[in-house]
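# Fold and geometry: a report
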Amino acid sequence: MSTLINANPTIYESKASNVRVLRSDDDDDDAFDAIDSQEVFDLIRSISDPEHPLSLEQLNVTQLEHIQVDDDGNRVLVEFTPTIPHCSMATLIGLCIRVRLLRCLPSRFKVDISVRKGTHQSEHAVNKQLNDKERVAAALENSHLLEVVNQCLATAN
Amino acid sequence: MPSLEKLAELQGHEDRVWCVSWHPTKPILATCSGDKTVRIWQNTNPQDDTQWQCIGVLEGGHKRTIRSVAWSPDGRQLATGSFDATTGIWERDEEETGEFECVATLEGHENETKSVAWSRSGALLATCSRDKSVWIWEVEDDSDFECLSVLQEHTQDVKMVVWHPSEELLASASYDDTIKIWRDDDDDWYCSDTLQGHASTVWAIDFDARGENLASVSADQTLKLWHCYQPGNPQLVPMVRRGEPVWKCIATVPNCHDRCIYSVSWSKRHGHIATAGADNTIRIFSVTESATAPAPAPESATTQQQQDQETIAHPGPYLTTSSQTMVTLAHGTSDINSVSWSPLAQHGDWLASGGDDGTVRIWRYKP
């Protein structure tokens, strides 16, 4: 990429409180494992930013507090914060989060993804596009776009 | 209590089912999917509604998801709209293989074709796309299709096109939150009305049997009913353009579903409306018409306010929807993308549905 949208992003430390504490039944495969916001955060924190060799967590794009999980209702809401309000990568970042969750969460979950209120100048347009399943399905059949998404997801673990 | 009983679950598609379409005269259903195929299913025993078989697979015609499938009114041809931007026309090779073959590919849209529809007479085909345009094609002999018009008044993706049940009048639903009505004046197609009222993408629309009313469903989770007021209508609704009918919203069902509503089907046989969407639920509504305003239901204050507003906004006729039954988890925890009532007189109670779980289900409505 010749010019960076945001050349000097602020980098944040990974918070100690963001690390999951092992529970006694974590190794027990039969234990009922409800999905919580920590688990969703762990799935998306290490996704790479499309234009920096940094993770979404390091750029404070994704934060644990901005994820809501209703395990019984099968719903997940992920809000993310673009590094700058005119970030043209916002849709791509949202698509990466969606694809990651599509691949990793049980299919019973309905996932809504949106930019945090007031953090992007085209908030409504970005959110509408990210939550239109037909557009997402079509985007994922675009091999070039899929390759970019997969690159961002290569660091997710 | 009215109910929806599952007759059959049809498995075979290897990806989500996007659209289901009934054959106009036979107990046959066509379905299309993200697996790039169309499957044809038939009720194999007239005495047993639960016996269904896949009698054909249409493959190789499209490089990407097939989003939409539609039978021609004579049941001889199928049209398919695909994310690969083309529209396929398929015909059964009666003499040799007996299989469906792609006999024409219509090109022109810049990107994903989202919906295809044949006019009542079969003389016209409409397609729409993410490129914001609606195309009208004239069906000529020998599987020849000529583009008559490219309509570019929507400001965003066009999600669906549906023809009026008897006239050459087309309705289109869009990501721009509106519905547009298209008419022709001596082969010159133009937008005669824009229906505004939905707060988000309009995913699907369907006319009632006479074409006097239109149902629409949206990502705003509402079902809306629109009425066509003719010039000189007794309600004295003024025309926008001289001599042309005008459409007005005359009923809204708020919170009809908990998430996006993807599909609506208005039975031409018994007048019930089926809706389905991302909340895994199929709902059935009955519609009653009255000349005078119905008394508002004694529900919550907000609902009553909304009803009052609707009542003031139009002078009738009054359509009242009443929820007959609903099936939650109709396709397990999967979205339902398409529902369609059978057009057959003897099987008007059949409803087909297709979902993200890749299955097709046949239901029977019991009033």
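Just so you know, these numbers come straight off a predicted model, no measurement behind them. (Residues numbered from 1 in each chain as written. Chains lettered and ligands numbered in written order. Predicted model: local features only at pLDDT ≥ 70, side-chain atom pairs only at ≥ 80, totals over all residues. Heavy atoms only, no water.)

Okay, the overall build of chain B next. Check the secondary structure of chain B and you find one helix and 29 strands. Taken along the three principal axes of its C-alpha coordinates, chain B extends 60 × 50 × 30 Å. The 367 residues of chain B split such that 59% are buried. For chain B, contacts bridging at least 24 residues in sequence account for 54% of all contacts bridging at least 6. When the accessible area of chain B is evaluated, it comes to approximately 15200 Å², of which 42% is carbon and sulfur surface. Between the averaged position of the 29 positive side-chain charges in chain B and that of its 54 negative side-chain charges there is a distance of 6 Å. (Helix = DSSP H or I, 4+ residues; strand = E, 2+ residues; numbered from the N terminus. Buried < 20%, exposed > 50% of the residue type's maximum accessible area, 1.4 Å probe, protein only. Contact = heavy atoms within 4.5 Å. Areas by Shrake-Rupley, 256 points an atom, 1.4 Å probe, with all protein chains shown as cover. Lys, Arg positive; Asp, Glu negative; His and termini not counted. Charge placed at Lys NZ, Arg CZ, Asp CG, Glu CD.)

For the rest of this paragraph, the subject is the interface of chain B and chain A. Each side of the interface is counted separately: chain B has 27 residues, and chain A has 18 residues. Interface of chain B and chain A: buried area, both sides summed, is about 1800 Å²; carbon and sulfur atoms make up 39% of it. Of all residues in chain B, Tyr175(B), Arg259(B) and Thr333(B) bury the most surface against chain A, accounting for 37% of the area lost on that side. Taken together, the connections running from chain B to chain A amount to 11 salt bridges. Notably, a salt bridge pairs Lys128(A) with Asp177(B), separated by 2.6 Å at the nearest N-O pair. Counting across the interface, chain B meets chain A through 19 residue pairs in polar contact (both at pLDDT 80 or more). (Buried area = accessible area lost by both parts, 1.4 Å probe. Salt bridge = Lys/Arg side-chain N within 4 Å of Asp/Glu carboxyl O. Polar contact = N/O pair within 3.5 Å; in protein donor to acceptor, adjacent residues only side chain to side chain.)

Quick look at the sheet that holds strand β25 (residues 318-327) of chain B now. Across a sheet, strands are paired by hydrogen bonds formed along the backbone, either parallel or antiparallel in direction. Residue and element names in this part refer to chain B. Taken together, four strands build an open sheet; the order of strands is β22-β23-β24-β25 and the sheet is antiparallel. In this open sheet, the two edge strands, each paired with only one partner strand, are β22 (261-266) and β25. Within this sheet the neighbouring strands show an average axis-to-axis angle of 25°, counted without direction. (Pairing = 2+ DSSP bridges. Axes fitted to C-alpha atoms, helices over the stretch in contact; angles between N-to-C directions.)

Residue and element names in this part refer to chain B. Mapped onto the present numbering, the UniProt feature "repeat: WD" (unreviewed entry) falls on residues 10-42, 59-91, 106-147, 151-182, 195-226, 254-295 and 329-367. Taken end to end, residues 10-42 has its terminal C-alpha atoms 10 Å apart, with 0% of it in helix and 55% in strand. Taken end to end, residues 329-367 is 0% helix and 59% strand, and its first and last C-alpha atoms sit 21 Å apart. (UniProt positions renumbered as here; feature names shortened; annotations may be inferred.)

All names here are of chain A. Helix α2 (residues 90-104) packs onto helix α1 (residues 37-44) with a crossing angle of 115° between their chain directions and a minimal axis gap of 9 Å. Where α1 crosses over α2, the two elements pack in a sense that is right-handed. Residues Val40, Leu43 and Ile44 of α1 touch α2, and the partners they reach there are Ile97, Arg100, Leu101 and Cys104. Each residue belonging to the contact of α1 with α2 can be placed in one class, and the counts come to six nonpolar, no polar and one charged. (Left-handed = near helix turned anticlockwise from the far one by under 90°. Nonpolar A, V, L, I, M, F, W, Y, C, P; charged D, E, K, R; others polar.)

Where like charges cluster on the molecular surface, the negative patch consists of Glu94(B), Glu95(B), Glu96(B), Glu99(B) and Glu101(B). Counting through the fold element by element, Glu94(B) comes out in the loop between β8 (87-92) and β9 (100-106). (Patch = residues over 30% accessible without salt bridge, like charges linked within 9 Å, V, L, I, M, F, W, Y side chains within 5 Å.)

So, about empty space enclosed by the protein. Residues and elements named next belong to chain A. Within this structure, the stated rule accounts for two cavities of 30 Å³ or more. The calculated volume of the second largest cavity comes to roughly 40 Å³. Every residue lining the second largest cavity is listed: Asn6, Asp49, Glu51, His52, Leu59, Thr83, Cys87, Met89 and Ile93. (1 Å grid on protein atoms, 1.4 Å probe; cavity = no way out; pocket = protein on both sides within 12 Å on 5 of 7 lines; lining within 4 Å. Points joined across faces, edges and corners; volume = space filled by probe spheres on them.)

Once that is clear, we can look at the packing of α2(A) against helix α5 (residues 143-153) of chain A. All names here are of chain A. With their axes 10 Å apart at the nearest point, α2 and α5 run at an angle of 75° to one another. Classified by the angle between their axes, α2 and α5 sit roughly perpendicular to one another. Across the interface between the two elements, Leu92, Leu95, Cys96, Val99, Arg100 and Arg103 of α2 pack against Leu145, Leu146, Val148, Val149, Asn150, Cys152 and Leu153 of α5. Split into classes, the residues belonging to the contact of α2 with α5 amount to 10 nonpolar, one polar and two charged. (Parallel < 35°, antiparallel > 145°, perpendicular 65-115°, else oblique.)

Residue and element names in this part refer to chain B. Taken together, the four strands give an open sheet; going across it, the order is β1-β29-β28-β27, and neighbouring strands pair in antiparallel fashion. Edge positions in the open sheet fall to β1 (3-10) and β27 (336-341), since each of these has one partner strand only. Each neighbouring strand pair of the sheet contributes to a mean axis angle of 25°, computed without reference to strand direction.

Counting 39 residues, the largest nonpolar core has Ile47(A), Val78(A), Phe80(A), Ile97(A), Leu101(A) and Leu105(A) as its most contacted members. Counting only elements with at least two residues in this core, the list comes to α1, β2 (75-80), α2, β3 (110-115), α3 (123-130), α4 (133-139) and α5 of chain A. In terms of residue count, α2(A) provides more of this core than any other element does, eight residues in total. Dropping the residues within four chain positions of it, Val78(A) is found in contact with Val40(A), Ile44(A), His66(A), Ile67(A), Ile97(A), Leu101(A), Asp112(A), Ile113(A) and Ser114(A). Membership of the second largest hydrophobic core comes to 18 residues, among which are Leu225(B), Ile250(B), Val264(B) and Phe285(B). (Core = buried A, V, L, I, M, F, W, Y, C linked by side-chain atoms within 4.5 Å.)

This paragraph deals with the pairing of strand β10 (residues 113-118) of chain B. Residues and elements named next belong to chain B. With six of its six residues buried, β10 lies for the most part within the structure. Sheet topology places β10 next to strand β11 (residues 124-129); five bridges connect them, and they run antiparallel. Of the residues in β11, the one forming a bridge with Trp118 is Leu125. The loop that links β10 with its antiparallel partner β11 comprises five residues; one of these, Gly122, has a positive phi angle of about 85°.

With 15 residues, α2(A) extends 21 Å from end C-alpha to end C-alpha; this agrees with the ideal 21 Å at 1.5 Å per step. Taken together, the buried positions of α2(A) are Ala90(A), Leu92(A), Ile93(A), Gly94(A), Leu95(A), Cys96(A), Ile97(A), Arg98(A), Val99(A), Arg100(A) and Leu101(A). (Expected span 1.5 Å × (residues − 1).)

Residues and elements named next belong to chain B. In terms of residue burial, strand β21 (residues 246-253) counts as a mostly covered element, since six of its eight residues are buried. By the bridge criterion, seven bridges tie strand β20 (residues 223-229) to β21 in an arrangement that is antiparallel. Residue pairing across strands places Lys224 opposite Thr252, the latter belonging to β21.

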